[in-house]
Amino acid sequence: MSAETPAAPGQHDEHYLQVFRRNFRNWRGDRPFWAGLYIVFGGFPIAYFPYAHLHLGHLTLAMSTTAGAGSLIIGVLLVVLGVSLWFQKHVRTFAGVAAILLALVSIPVANLGGFLIGFLFALLGGAMAVSWVPGEPEEGYATSSSLTKQDTPDGSAAEPIGHEAADGADDPNDLSGTSPTNGANGRHSAG
């Protein structure tokens, strides 16, 4: 038995719910989760209210309109856009703009956008999706000694590599012809 062996097997194991919560939090933080959730919440009242029969005592209030199919289509599209934000984060700008436009169209088509509840949720979620950007890694994670220094064959450390030398623009073997040193910026390189 070595010193690294735990005293009892499974002593430091985490509960599976803690692992699930941590994994879900990491997954959620990597995409516009809340924007998608608001868009999904906005789609449900827009699709539901034209087909709902509300009972007030002995009085049945039917919200069915001639545009019931249009409101169902708008609601389903909003739900699909919200779910697509969760699983395909690169469509965030398209999904956000489409959600805003569908929310605006739902005002005349779907009972004032699901009595303004669905309209406001979809509008807020669309704005959040358009404004979401992926996070930058923290400074401690981005720089490492292996990334900033080159080791020489004799074992000593060389000078840190700067951004100018790392991109290859000052390389004399640059065949693109668009480096700032020769005055070409890429506009006239095609002919």
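Before any of the text, the structure's been laid out above.
These remarks concern the structure in this document. Please read these numbers as outputs of a predicted model, since none were measured by experiment.

## A look at the environment of leucine 102
Of note, leucine 102 is situated in helix α4 (residues 92-109). Accessibility expressed as a relative area gives 17% for leucine 102, which makes it buried. As for leucine 102 and glycine 126, which are separated by 24 residues in sequence, their C-alpha atoms are 9.6 Å apart. In this structure leucine 102 touches Ile74, Leu77, Leu78 and Leu81, once residues within four positions along its chain are discounted.

## A short note on a nonpolar patch on the surface
Together, Tyr51, Leu72, Val76 and Val80 make up a nonpolar patch on the protein surface, roughly 350 Å² of accessible area in all. Mapped onto the elements of the fold, valine 76 is located in helix α3 (residues 68-87). Using a relative accessible area of 44% as the deciding quantity, one classes valine 76 as partly exposed.

## Some remarks on the nonpolar core
Among the nonpolar cores identified, the biggest contains 16 residues, and Ile39, Leu78, Leu81 and Leu85 are the most heavily contacted of them. When residues of this core are traced back to their parent elements, those giving at least two are α2 (33-48), α3, α4 and α6 (117-131). If you tally residues by element for this core, the top one is α4, at five residues. Residue contacts for leucine 81: discarding those within four places in its chain leaves Ile39, Phe94, Ala95, Ala98, Ala99 and Leu102.

## Quick word on α4
In this model α4 runs 25 Å from its N-terminal to its C-terminal C-alpha over 18 residues, within 8% of the 26 Å that 1.5 Å per residue would give. Burial in α4 covers these residues: Arg92, Ala95, Gly96, Ala98, Ala99, Leu102, Ala103 and Ser106. Within α4, the buried residues cover an arc of 165° as seen down the axis, which keeps them to one side. Turned more than 90 degrees off the buried face of α4, the exposed positions are Phe94 and Pro108. Elements in contact with the buried residues of α4: α2, α3, α5 (111-115) and α6. Where α4 ends, the next residue or the one after it, asparagine 111, has phi of about 50°, a positive value.

So, how was this worked out
- Residues numbered from 1 in each chain as written.
- Predicted model: local features only at pLDDT ≥ 70, side-chain atom pairs only at ≥ 80, totals over all residues.
- Heavy atoms only, no water.
- Helix = DSSP H or I, 4+ residues; strand = E, 2+ residues; numbered from the N terminus.
- Buried < 20%, exposed > 50% of the residue type's maximum accessible area, 1.4 Å probe, protein only.
- Contact = heavy atoms within 4.5 Å.
- Patch = residues over 30% accessible without salt bridge, like charges linked within 9 Å, V, L, I, M, F, W, Y side chains within 5 Å.
- Areas by Shrake-Rupley, 256 points an atom, 1.4 Å probe, with all protein chains shown as cover.
- Salt bridge = Lys/Arg side-chain N within 4 Å of Asp/Glu carboxyl O.
- Core = buried A, V, L, I, M, F, W, Y, C linked by side-chain atoms within 4.5 Å.
- Expected span 1.5 Å × (residues − 1).
- Arc of directions from axis to C-beta.

Keep in mind these values describe shape, not function.
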